[in-house]
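Report on the structure
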Amino acid sequence: MTETSARFALPFILPGQAQKEIFHNEALTTIDCALHSCVKGFATEPPAEPVSGEGWIVEAGASGAWAGRTGCLATWTSAGWRFVSPVPGMMVWDKEASHWIYWNGEAWSDGAMPAAALMINGEQVVGPRQPDIPTPSGGTTIDAESRSAIGAIIVTLKSHGLID
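Residues numbered from 1 in each chain as written. Predicted model: local features only at pLDDT ≥ 70, side-chain atom pairs only at ≥ 80, totals over all residues. Heavy atoms only, no water.

A few points about the overall build of the protein
On a plain count of helices and strands, the protein comes out with two helices and ten strands. Ordered by position from N to C terminus, the α and β elements of the protein give α-β-β-β-β-β-β-β-β-β-β-α. At 25 Å, the protein has a C-alpha radius of gyration far larger than the 15 Å of a compact globule built from 164 residues. Along the first, second and third principal axes, the C-alpha set of the protein runs to 90 × 40 × 25 Å. Long-range contacts, defined as pairs at least 24 residues apart, comprise 29% of the intrachain contacts of the protein with a sequence gap of at least 6. In the protein, 9 side chains carry a positive charge and 17 a negative one; their mean positions are 4 Å apart. (Helix = DSSP H or I, 4+ residues; strand = E, 2+ residues; numbered from the N terminus. Rg over C-alpha atoms; globule rule 2.2 N^0.38 Å. Contact = heavy atoms within 4.5 Å. Lys, Arg positive; Asp, Glu negative; His and termini not counted. Charge placed at Lys NZ, Arg CZ, Asp CG, Glu CD.)

Dropping the structure here:
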């Protein structure tokens, strides 16, 4: 049996271990830092006067207590800084930017979120791209103004990347 959990290195209580409460409390503190975490953004230096529970994502080139912790979640606790190494798929709320960011396995991403579809109230509103929309042609009745308007709509949608 290992001494820590696989994903977040939470300390296990081992048989015959003395002072089990220390290991248990350390695990709870790490869970508190990692579970549904929110951060105040990215930073390279610890703040001068952090408040317990505040967290940041450590950027490359960090100094002080954060040196060598690039990519980690840094959370201030009553016992000092706690660091959690991210795992693929981990998401945190960036309070400064007001959006989710996630660890893609190599770096934090605050850009496009990977998803198969976007659902609102059980209805799919965005999903996989559909086939290319052809320019209007054919038919027995030709309405040049309609074709021109539809063509302009297609050009606009393509220019914004909404259709191929």
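Considering the nonpolar core
Core analysis: the biggest nonpolar cluster contains twelve residues, these being Cys33, Ala34, Val39, Ile57, Leu73, Val84, Val87, Met90, Val92, Ile101, Trp103 and Trp108. Of all the secondary structure elements, the ones that give two or more residues to this core are α1 (20-34) and β7 (99-103). Contacts of valine 39, omitting those with residues within four sequence positions, involve Gly55, Trp56, Ile57, Leu73, Val92, Trp93, Asp94, Lys95, Glu96 and Ile101. Trp66, Ala74, Trp81 and Phe83 belong to the second largest nonpolar core, which has nine residues in total. (Core = buried A, V, L, I, M, F, W, Y, C linked by side-chain atoms within 4.5 Å. Buried < 20%, exposed > 50% of the residue type's maximum accessible area, 1.4 Å probe, protein only.)

Quick word on the packing of aromatic side chains
Enumeration according to the criterion identifies six aromatic pairs in this entry. Seen in terms of ring centroids, tryptophan 66 and tryptophan 81 are 5.2 Å apart; in terms of plane orientation they differ by 80°. Their pairing is edge-to-face. One end of the pair, tryptophan 66, is in the loop between β3 (55-58) and β4 (73-77); the other, tryptophan 81, is in strand β5 (residues 80-84), and 15 residues separate them in sequence. The two residues tryptophan 66 and tryptophan 81 agree in class, both being buried. Here the aromatic residues Trp56, Trp66, Trp76 and Trp81 are joined through ring pairs into a cluster of three or more. (Phe/Tyr/Trp six-rings, centres within 6.5 Å; stacked < 30°, edge-to-face > 60°.)

Here's the deal with unusual backbone geometry
Phi is positive for glutamine 19, which is not a glycine, with a value near 50°. Position of glutamine 19 among the secondary structure elements: in the segment before α1. Using a relative accessible area of 51% as the deciding quantity, one classes glutamine 19 as exposed. Even without being a glycine, serine 98 presents a positive backbone phi close to 60°. As for its placement among the helices and strands, serine 98 is situated in the loop between β6 (91-94) and β7.

So, the sheet that holds β5
Reading across from one edge, β2-β3-β4-β5 is the order of the four strands in this open sheet, with mixed pairing throughout. The sheet terminates laterally at β2 (42-43) and β5, the two strands that pair on one side only. (Pairing = 2+ DSSP bridges.)

Topic: the side chain of threonine 75
Relative to the assigned elements, threonine 75 resides in strand β4. Among the residues examined, threonine 75 registers a relative accessible area of 7% and is labelled buried. Among residues more than four places away in sequence, those in contact with threonine 75 are Cys33, Gly53, Glu54, Gly55, Gly80, Trp81 and Arg82.

So, the pairing of β5
Among the five residues of β5, five are classified as buried, and the element is accordingly described as predominantly covered. As consecutive antiparallel partners, β4 and β5 are separated by two residues.

Considering the environment of proline 50
Within the secondary structure, proline 50 sits in the loop between β2 and β3. The spatial distance from the C-alpha of proline 50 to the C-alpha of tryptophan 76 is 6.5 Å, given a sequence separation of 26 residues. Setting aside chain neighbours within four positions, we find proline 50 in contact with Trp56, Trp76 and Trp81.

Description of helix α2 (residues 144-159)
In an α-helix there are 3.6 residues to a turn, and that puts residues three or four apart on one side. For α2, which comprises 16 residues, the first-to-last C-alpha distance of 22 Å matches the rise-based estimate of 22 Å (1.5 Å per residue) to within 8%. Two or three places before glutamate 145, at the start of α2, stands the capping residue aspartate 143, its side-chain oxygen 3.2 Å from that residue's backbone nitrogen. The first or second residue beyond α2 is glycine 161, which carries a positive phi of 75°. (Expected span 1.5 Å × (residues − 1). Polar contact = N/O pair within 3.5 Å; in protein donor to acceptor, adjacent residues only side chain to side chain.)

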